[in-house]
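One-letter residues, chain by chain:
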Amino acid sequence: AALALLAVAPLLGMGNYPLHLLIMCLLWAYVYTGWSVMGRLGMVSFGHGAFMGIGAYVVVMGWNHYGLSPWIGTPLALALAAVVALLIGYPCFRFKIVGHYFALVTLALSEVTRLIIVALRDQTGGSLGATPNTALADASYSFGALQFSSKLVWFYVILAFWLGGLWIWKKVDQSMGRLALEAISQEEDAAASIGINVTKLKLGVTMISALMTCMGGVLYAQYQLYVNPDTVSGIGLSLQMVFGVIAGGMFVRLGPTVGAAFTLLLAEGLRLWFGNQYHGLDLTVYGLMLVLFIIYMPKGILGAAVEAREKRRVRRAVA
């Protein structure tokens, strides 16, 4: 019923700004779900900003400089993201770089990607960002360029990807690989001693997560028709993903979606209250709230709600 209501909500006279917020909420929910596929299994990555940046910039630069349709640019971006995930993930998993050390490696990946984008300013626009060449001069949409002037079209496109992300999360959660990865996160050597292929499983779920995040970058670039190294890559974006998933609840399928709604409303609230007077305030608030959530609500908003409901159910059963 909730899904049906969500699907028809834009048809009930919703304004452009509320519809834009709803689209961005679903887009970030998809990206956060992609991160949680990996993060909930003991592999905390601060490098997913790199994969989102790859998705956004490869498609936009391919279209602007070489005339490559996003239908061609998207597979290229996904292939590049897979190669980067392999180059980073395989050595880490093969040589047992885990925990804080793995987080530091991925953190460096995210920042290096942002710096490369800024350094290639002649091609990427540098810190000023880039706008895809418009294909909407004589029409309201261009299917070949994946550009649509109607937000309604983008709503249903991103809604489909969000549902697809939830389906992938469920399939990973129901697989035997999830149990093996949970065992690996608890004690890697013990898991390997009973025949679990640690490197293969970790690399597989990393690939899934990286490709989902890369696709999120493609959708972001095509919807916003503007990319900037600070909004699609870097430490700030990676921190936003981690905070959103932890705030919503990484161990519940809809937890990242709740986290996306929470972070979006928080960001909009900060923007309305403080404007642009305090640069970096949003990152400071994200960092502070991330620490508070880890200490006082480690299961997130939705995870805590589910746990409270289960406790009430148990109490009623006992009574």
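That block above? That's the structure.
So, here's what we can say about the structure. Here the structure is a predicted model, which is why all the values come from computation and not from measurement.

## A closer look at the overall build of the protein chain
- Looking only at helices and strands, the protein chain features 15 helices and 2 strands.
- At 20 Å, the protein chain has a C-alpha radius of gyration in line with the 20 Å of a compact globule built from 319 residues.
- In terms of overall dimensions, the protein chain has a C-alpha envelope of 65 × 50 × 40 Å along the principal axes.
- Scored against the burial criterion, the 319 residues of the protein chain give a buried share of 47%.
- Of the contacts made within the protein chain by residues no fewer than 6 positions apart, 78% connect residues no fewer than 24 positions apart.
- Summing over all exposed atoms, the protein chain offers an accessible surface of approximately 15900 Å²; the carbon and sulfur share of this is 68%.
- A distance of 10 Å separates the average location of the 20 positive side-chain charges in the protein chain from that of its 13 negative side-chain charges.

## So, the pattern of salt bridges
- The final tally for this structure, using the stated rule, is 10 salt bridges.
- Close ionic contact of Glu111 with Arg114 constitutes a salt bridge, the shortest N to O distance being 2.6 Å. Here Glu111 and its partner Arg114 are both found in helix α5 (residues 99-119), 3 residues apart, which amounts to about one turn of the helix.
- Of the charged contacts in the structure, one is a salt bridge between Arg114 and Asp230, with a shortest N-O distance of 3.6 Å. Pair noted here: Arg114 is in helix α5 and Asp230 is in helix α11 (residues 229-232), with a separation of 116 residues, a long-range link.
- The class for Asp230 is partly exposed, based on a relative accessible area of 49%.
- Bridged by salt links that share partners, the residues Arg40, Asp173, Arg178 and Glu182 form one connected network.

## Description of helix α3 (residues 48-66)
- When the terminal C-alpha atoms of α3 are compared, their 26 Å separation across 19 residues agrees well with the 27 Å that a helix rising 1.5 Å per residue should span.
- Looking at the residues trailing α3, positive phi occurs at Gly67, about 70°.

## Looking at the environment of Val59
- You can see Val59 is positioned in helix α3.
- Val59 sits in the buried class, given a relative accessible area of 1%.
- Along the primary structure Val59 and Met38 are separated by 21 residues, whereas in three dimensions their C-alpha atoms are 25 Å apart.
- With residues near it in sequence (within four places) discarded, Val59 still touches Pro70, Gly73, Thr74, Ala77, Val218 and Gln222.

## Some thoughts on the packing of aromatic side chains
- All told, the structure shown has 11 aromatic pairs when counted by the stated rule.
- Aromatic pair Trp28 and Tyr220: ring centres 6.0 Å apart, planes at 50°, arrangement tilted. With Trp28 in helix α2 (residues 16-39) and Tyr220 in helix α10 (residues 198-224), this residue pair connects regions lying 192 residues apart in the sequence.
- Relative to Trp154, the ring of Phe148 lies with its centre 5.6 Å away and its plane at 75°, an arrangement referred to as edge-to-face. Comparing Phe148 with Trp154, the two get one shared label, buried.
- In textbook terms, an aromatic cluster arises when at least three aromatic residues are bridged by ring pairs, as seen for Trp28, Tyr32 and Tyr220.

Rules behind the numbers
- Residues numbered from 1 in each chain as written.
- Predicted model: local features only at pLDDT ≥ 70, side-chain atom pairs only at ≥ 80, totals over all residues.
- Heavy atoms only, no water.
- Helix = DSSP H or I, 4+ residues; strand = E, 2+ residues; numbered from the N terminus.
- Rg over C-alpha atoms; globule rule 2.2 N^0.38 Å.
- Buried < 20%, exposed > 50% of the residue type's maximum accessible area, 1.4 Å probe, protein only.
- Contact = heavy atoms within 4.5 Å.
- Areas by Shrake-Rupley, 256 points an atom, 1.4 Å probe, with all protein chains shown as cover.
- Lys, Arg positive; Asp, Glu negative; His and termini not counted.
- Charge placed at Lys NZ, Arg CZ, Asp CG, Glu CD.
- Salt bridge = Lys/Arg side-chain N within 4 Å of Asp/Glu carboxyl O.
- Expected span 1.5 Å × (residues − 1).
- Phe/Tyr/Trp six-rings, centres within 6.5 Å; stacked < 30°, edge-to-face > 60°.

That is the geometry; function is a separate question.
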